[in-house]
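Analysis of the macromolecular model
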Amino acid sequence: MKFQLHYLLFLLLLPFGCKSPENLNLELLEREPPARNIILLIGDGMGIGQISAGMYSHKKPLNIEQFNIIGLQKTYASDDLITDSAAGATAFATGHKTNKSALGLDASGNVVSNIFEQAKAREYALGLLTTSSIVHATPAGFFAHVPLRSQYEDIAEQLTNKEIDFFMGGGMRYFNNRDTDGRDLISDMRKNGYNIYDAYETELYTITPDFSRGFGYFTAKEDPPKNMTGRKYLPPATRIGTRFLQKRSSRGFIFMVEGAQIDWAGHANDQEYMITEMLDFDEAVGEALAFAKRNKETLVVVTADHETGGYAIQPGSTRDSLIAGWTADNHTASLVPVFAYGPRAELFRGIYENTAIYDKMVQALGWGEETAAEEK
């Protein structure tokens, strides 16, 4: 009987063309309205072990536990099984694998366009927020095109030309205390319509943003401090950034938020540092989810560029006393999780390449669907 029903269904579909289950599922998904906005949160160096440590050491469930759509992505670079943040961010932003240390280039060194550039051409608002320098590898992967991630002053100059509506992070010295030239890029940005602030002169909570102008805030001259030594801006800045970007464009926005120092703690094999950074990042995830639940048109994606440290919780641990085990002081090749919530979040189920993050974000935004419909 089951065979007869399946065969009858096949005959009914045959006049309309044979379609695989994957294509049928894709068509069903595309009937859901696309996302207007995307908030992509990247916990640099955050693997399952880091998430587990945050969960077990916290007194209440993490915000990340609210997600019920979860996938896994393969992090390797084009030239190495063990990737770095530059190649990882380039994969997310462009859909291309590249060599370690390269930003915005393919494996042959050719410039490839990124999702921020494509979104700006469609009049989206764009935002970057990080607990590292704003010219560090992960944020730079969304606007820069350089062969070496260490070209900080070149990356800073490229940021001034990219029309990023909202940015916040460290690295102010690469803009106004440069080694390669005497330019003051902060002055240039102000002339080009930005309101630029820094933590040395202006407290973040005292600022009333002007939505008619781009917004930049430098949190440190070089790298921001650890959360455990006083850095607290990531969650409130996530809240401020989403509201700002929503006001900046009626078309929509893309906002990349990075918890950078989970990675730094992994390099240092420092469990306390890692857990405090993980919990700080999770608070930012909570702010993004709260916005998405109110807004109803925002896709939230949480992932990592790679795992760092090969961290695992050892036998004998309790919730009050985790015993750390580390296998490395660098990145590892472990798969890392992907969490999704909001319009077309179902796209992010499964196991896939890190480059698929780009493809899935573009599909979630519905880019190209209107043209395809017109052609049909």
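The preceding data block contains the structure.
Rules and cut-offs
- Residue indices follow the written sequence of each chain, beginning from 1 at its first position.
- Thresholds applied to this predicted model are a pLDDT of at least 70 for local features of residues and 80 or more for the giving and counting of side-chain atom pairs; totals over whole chains, interfaces and linings are not thresholded and use all residues.
- Working from all heavy atoms in the structure, the side-chain values ignore hydrogens and water.
- The helix and strand labels rest on DSSP assignments: H or I over at least four residues marks a helix, E over at least two residues marks a strand, and numbering proceeds from the N terminus.
- Radius of gyration: C-alpha atoms only; globule rule: 2.2 Å multiplied by the number of residues to the exponent 0.38.
- Exposure categories follow from relative accessible area, calculated using a 1.4 Å probe and restricted to protein chains: below 20% of the type maximum is buried, above 50% is exposed, and the middle band is partly exposed.
- For the charge count, each Lys or Arg is scored as positive and each Asp or Glu as negative, with His and the chain ends excluded.
- Lys charges are placed at NZ, Arg charges at CZ, Asp charges at CG and Glu charges at CD.
- One bridge is not enough; two strands pair if DSSP finds at least two bridges between them.
- Lines are fitted to the C-alpha atoms to define the axes, a helix being fitted only along its stretch in contact, and any angle between axes, read from their N-to-C directions, falls within 0 to 180 degrees.
- Contacts are residue-level and defined by heavy atoms, with any inter-residue pair within 4.5 Å sufficient.
- Only Phe, Tyr and Trp rings are paired, with Trp represented by its six-membered ring, and only when their centres lie within 6.5 Å; those with planes under 30 degrees apart are stacked, over 60 edge-to-face, the remainder tilted.
- Here, a charge over a ring means that NZ of Lys or CZ of Arg falls within 6 Å of the ring centre while also lying within 35 degrees of the ring normal.
- The term nonpolar core refers to a set of buried residues drawn from Ala, Val, Leu, Ile, Met, Phe, Trp, Tyr and Cys, joined through side-chain atoms within 4.5 Å.
- By this rule, a helix spans an expected 1.5 Å times one less than how many residues it contains.
- Definition used for salt bridges: Asp or Glu carboxyl oxygen within 4 Å of a side-chain nitrogen of Lys or Arg.

To continue, consider the overall build of the protein. Scanning the protein from N- to C-terminus turns up 14 helices and 14 strands. Here the C-alpha radius of gyration of the protein, 21 Å, is about what a compact globule of 376 residues would show, namely 21 Å. Considering only C-alpha atoms, the protein reaches an extent of 75 × 55 × 45 Å along its principal axes. Here the protein holds 376 residues, and the buried ones make up 53% of them. Computed over 36 positive and 48 negative side-chain charges, the inter-centroid distance for the protein is 6 Å.

All right, on to the sheet that holds strand E3 (residues 125–133) then. Pairing within the open sheet is mixed, and its 10 strands lie in the order E5-E6-E4-E3-E7-E1-E8-E13-E2-E14. The open sheet has two edge strands with one neighbour each: strand E5 (194–198) and strand E14 (350–353). If you compare each strand with its neighbour and ignore which way they point, the axes differ by 15 degrees on average. Direction of pairing for strand E2 (residues 69–74) relative to E14: parallel, over a ladder of 4 bridges. Within E14, the residue paired with Gly-71 across the bridge is Gly-350. Along the sheet, helix H12 (residues 271–295) contacts strand E1 (37–43), E3, strand E7 (253–259), strand E8 (298–303) and strand E13 (336–341); its crossing angle with E1, the most-contacted strand, is approximately 165 degrees. Along the sheet, helix H13 (residues 356–365) contacts E1, E7, E8, E13 and E14; its crossing angle with E14, the most-contacted strand, is approximately 110 degrees.

With that settled, the discussion passes to the packing of aromatic side chains. For the structure shown, the criterion picks out 15 aromatic pairs. When the ring of Tyr-124 is compared with that of Trp-367, the centres are 5.7 Å apart and the planes differ by 75 degrees; the resulting orientation is edge-to-face. In this pair, Tyr-124 is assigned in the loop between helix H5 (115–121) and E3 and Trp-367 in the loop between H13 and helix H14 (369–375), connecting sequence segments 243 residues apart. Look at Phe-167 and Phe-218: their rings are 5.7 Å apart centre to centre, the planes differ by 70 degrees, and that puts the pair in the edge-to-face class. A residue pair is termed long-range when its members are at least 10 positions apart, and Phe-167 in strand E4 (residues 166–170) and Phe-218 in strand E6 (residues 214–218) qualify at 51 residues. Ring pairs connect the aromatic residues Phe-166, Tyr-197, Phe-211, Phe-215, Phe-244 and Phe-255, which therefore count as one cluster. Above the face of the Tyr-273 ring, Lys-226 is positioned so that its terminal group lies 4.4 Å from the ring centre.

Next up on the list: the nonpolar core. Membership of the largest hydrophobic core comes to 56 residues, with the highest contact counts inside it found for Phe-142, Phe-167, Phe-175 and Phe-348. It is H13 that provides the largest number of residues to this core, a total of 7 residues. Residues contacting Phe-167, with those up to four places away along its chain left out, are Leu-128, Ile-134, Leu-159, Met-189, Tyr-194, Ile-196, Phe-215, Gly-216, Tyr-217 and Phe-218. Leu-62, Ile-64, Ile-275 and Phe-291 belong to the second largest nonpolar core, which has 45 residues in total.

On to the environment of Phe-143. Among the structural elements, Phe-143 can be located in the loop between helix H6 (137–140) and helix H7 (152–160). Sequence separation between Phe-143 and Gly-47 is 96 residues, and the spatial gap between their C-alpha atoms is 25 Å.

The end-to-end C-alpha distance of H12 is 36 Å, a good match for the 36 Å that 25 residues give at a rise of 1.5 Å each. Taking burial as the measure, the 25 residues of H12 include 18 buried ones, the bulk of the element. Looking one or two places after H12, you find Lys-296, whose phi comes out positive at around 70 degrees.

What follows is about the pattern of salt bridges. The tally for this structure, following the rule as stated, stands at 18 salt bridges. Note that Asp-80 is salt-bridged to Lys-100, the shortest N-O span being 3.3 Å. Linking Asp-80 in the loop between E2 and helix H4 (85–94) with Lys-100 in the loop between H4 and H5, this pair joins segments that are 20 residues apart in sequence. A relative accessible area of 32% means that Lys-100 is categorised as partly exposed. Here Arg-183 ties to Glu-157 by a salt bridge, and the two come within 2.8 Å at their closest N and O atoms. Of this pair, Arg-183 sits in the loop between helix H8 (173–176) and helix H9 (185–191) while Glu-157 is found in helix H7, placing the two residues 26 residues apart along the sequence.

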